[in-house]
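In case you want the letters, here they are:
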Amino acid sequence: MADIKVSDTSVYTHHTVTKGESLSLIAKHYYKDLMEYKKIFEANRDQLSDPDKIEVGQVLVIPNP
């Protein structure tokens with residue numbers, strides 16, 4: 001049995017959280033829409049349990065639009 005995982009970076013990018021950022025501000029930067037923060041939250045459920053609690057230095061997956 002094989003457990004193969006392929007990271008296809010053509011469908012996402014990474015973003016390192018800096019001081020003062022929120023998921024909505026990050027969404028505005030990448031998608032031009034604050035409400036798209038939900039996409040980022042869902043893509044990072046493995047490390048986020050609350051969209052209002054992100055930490056400086058976290059590396060988030062940003063799905064391509």
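Scroll up to find the structure this text is about.
Notes on the structure follow. (Residues numbered from 1 in each chain as written. Predicted model: local features only at pLDDT ≥ 70, side-chain atom pairs only at ≥ 80, totals over all residues. Heavy atoms only, no water.)

## Some details on the environment of Ile62
The condition that has to hold: Labels follow the DSSP assignment, with helices taken as runs of H or I lasting at least four residues and strands as runs of E lasting at least two, numbered in each case from the N terminus. Any two residues whose heavy atoms approach within 4.5 Å are treated as being in contact.
Structurally, Ile62 can be placed in strand S2 (residues 59-63). Sequence-wise, Ile62 and Ala27 are 35 residues apart; in three dimensions their C-alpha atoms are separated by 8.6 Å. The residues contacting Ile62, other than those within four sequence positions of it, are Val11, Tyr12, Thr13, His14, His15, Ile26, Tyr30, Tyr31 and Ile40.

## Some details on unusual backbone geometry
As a reminder of what qualifies: Burial classes: relative accessible area under 20% of the type maximum marks a residue as buried, over 50% as exposed, and values in between as partly exposed (1.4 Å probe, protein chains only).
Even without being glycine, Lys32 reaches a positive phi, approximately 65 degrees. Following the sequence through the fold, Lys32 ends up in the loop between helix H1 (23-31) and helix H2 (37-43). Lys32 gets classed as exposed once you look at its relative accessible area, which sits at 70%.

## Some thoughts on the nonpolar core
Here is the rule: We define the nonpolar core as a collection of buried residues of types Ala, Val, Leu, Ile, Met, Phe, Trp, Tyr and Cys that are connected through side-chain atoms lying within 4.5 Å of one another.
One finds Val17, Leu23, Ile26, Ala27, Tyr31, Ile40, Phe41, Leu48, Ile54, Leu60 and Ile62 forming the largest nonpolar core, which totals 11 residues. Elements with a contribution of two residues or more to this core: H1, H2 and S2. Per element, the largest residue contribution to this core is 4 residues, and it comes from H1.

## Remarks on the side chain of Gln58
The test is simple: Two N or O atoms count as a polar contact when they lie within 3.5 Å, although within protein this holds only if one can serve as hydrogen donor and the other as acceptor, and sequence-adjacent residues are included solely when both atoms are side-chain atoms.
Topologically, Gln58 is positioned in the loop between H2 and S2. At a separation of 2.7 Å, a polar atom in the side chain of Gln58 contacts the main-chain amide nitrogen of Glu55. Excluding residues that lie within four positions of it along the chain, Gln58 makes contacts with His15, Thr16, Val17, Gln47 and Leu48.

## Quick word on the side chain of Asn44
On the secondary structure map, Asn44 appears in the loop between H2 and S2. Polar side-chain contacts of Asn44 include one of 2.7 Å to the backbone oxygen of Ile40. Only 2.8 Å separates the side chain of Asn44 from the backbone nitrogen of Val61, close enough to count as a polar contact.

Any link to function would need more than the numbers given here.
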